[in-house]
Amino acid sequence: GIAGFICDTEITNCFNAGKISEMLTANAPAVGGIAGYASGDSGINKCYNVGEIISRQTYGGSIAGYIPETAAEIAEINDCYYADTFEDYIGIGYGKTYTAYKKTIDELKQQATYIGYDFETIWTFAAGYDFPQLIGNPFSVLQHDVVLTADSEMGIAQGSGAYKLFETVTIT
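The following paragraphs examine the structure supplied in this document. (Residues numbered from 1 in each chain as written. Predicted model: local features only at pLDDT ≥ 70, side-chain atom pairs only at ≥ 80, totals over all residues. Heavy atoms only, no water.)

What follows deals with the overall build of the protein. Helix and strand counts for the protein come out as one helix and 16 strands. With 172 residues in all, the protein has 39% of them scored as buried. Considering only residue pairs separated by 6 or more positions, the protein has 60% of its internal contacts joining residues 24 or more positions apart. (Helix = DSSP H or I, 4+ residues; strand = E, 2+ residues; numbered from the N terminus. Buried < 20%, exposed > 50% of the residue type's maximum accessible area, 1.4 Å probe, protein only. Contact = heavy atoms within 4.5 Å.)

See below:
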């Protein structure tokens, strides 16, 4: 996510829209959309994740992958949101949930969902991207160009196009 490991750190006003998967090493015990591992007096505030989290053998969470039980009394997650498209993932993987809210993709596209977010000086909704962006750092990857070539006994099929995040693509 945004950070692999945080300790005594605050992460505020950020988002992840990318796919995150674990690296099967002893140094990567957790994966999360915002932080993989949050320890000590850490906080994750006013952040959201719409990216896919892939965790097979470690702790995985859409906001934080792992908060150790000893840090659960200290580390905080406040006013964070995550997509419900991956049912197996809870907001923080292990520890206390605090205020990490599971929402549908449609709900995450609405400003009213983000209670307490500053849409005057920090966040905005801009044309071409369906989710909130930071005013000073707009999300620039609006579409991905896709080129496909499939070779089979029936012949060669080719196709291309530009597609937005979460857009369904049908190849026939």
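Now, onward.
What follows concerns the side chain of T113. For T113, the position within the fold is in the loop between α1 (105-108) and β13 (123-124). On the basis of relative accessibility, which here comes to 10%, the residue T113 falls in the buried class. If we ignore the near neighbours within four places in the chain, the residues touching T113 are Y81, K103, E107 and L108.

Moving on, we come to the nonpolar core. Counting residues in each nonpolar core, the largest one holds 17 residues, and the members touching the most others are I6, I11, I34, I44, C47, I63 and I77. Of all elements in the fold, only β1 (3-7), β2 (10-16), β5 (35-39), β6 (43-49) and β11 (80-83) reach the threshold of two or more residues within this core. Discounting residues that sit within four places of it in the chain, I44 has contacts with I6, I11, I34, A35, I63, A64, E76, I77, N78 and C80. By size, the runner-up hydrophobic cluster in this structure holds 15 residues, among which are A17, Y48, A83 and Y129. (Core = buried A, V, L, I, M, F, W, Y, C linked by side-chain atoms within 4.5 Å.)

On to the packing of aromatic side chains, then. Here a ring pair, both rings aromatic, is described through the centre-centre distance and the interplanar angle of the planes. Here the structure, examined in full by the defined rule, presents 17 aromatic pairs. Ring centres of F119 and F125 lie 5.7 Å apart, and the angle between their planes is 15°; this geometry places the pair in the stacked category. By relative accessible area, F119 is classed as buried at 19%. Given a relative accessible area of 28%, F125 falls into the partly exposed group. Each residue in the set F15, Y48, Y81, Y101, Y114, Y117, F119, W123, F125, Y129 and F131 is aromatic and connected to the rest through ring pairs, giving one cluster. (Phe/Tyr/Trp six-rings, centres within 6.5 Å; stacked < 30°, edge-to-face > 60°.)

Take unusual backbone geometry next. In this structure, D8 takes a positive phi of about 55° despite not being glycine. Relative to the assigned elements, D8 resides in the loop between β1 and β2. In this structure, N13 is a non-glycine residue whose phi angle is positive, near 55°. Turning to its location among the elements, N13 is positioned in strand β2. Using a relative accessible area of 18% as the deciding quantity, one classes N13 as buried.

By the definition in use, this model includes two salt bridges. Linking D130 and K109 is a salt bridge whose minimum nitrogen-to-oxygen distance equals 3.6 Å. Taken together, the residues span a long stretch of sequence, with D130 in the loop between β13 and β14 (133-134) and K109 in the loop between α1 and β13 at a distance of 21 residues. Looking at D130, the relative accessible area reads 28%, which means it is partly exposed. Overall, K109 belongs to the partly exposed group, its relative accessible area being 32%. (Salt bridge = Lys/Arg side-chain N within 4 Å of Asp/Glu carboxyl O.)

Once that is clear, we can look at the pairing of β5. With four of five residues buried, β5 lies mostly within the body of the structure. In this structure, β1 lies alongside β5, joined through four bridges in parallel fashion. When the sheet's bridge partners are listed, C7 is paired in β5 with S39. In this sheet, strand β9 (residues 64-66) lies alongside β5 in parallel orientation, the contact comprising two bridges. When the bridges of β9 are listed, Y37 appears paired with Y66. (Pairing = 2+ DSSP bridges.)

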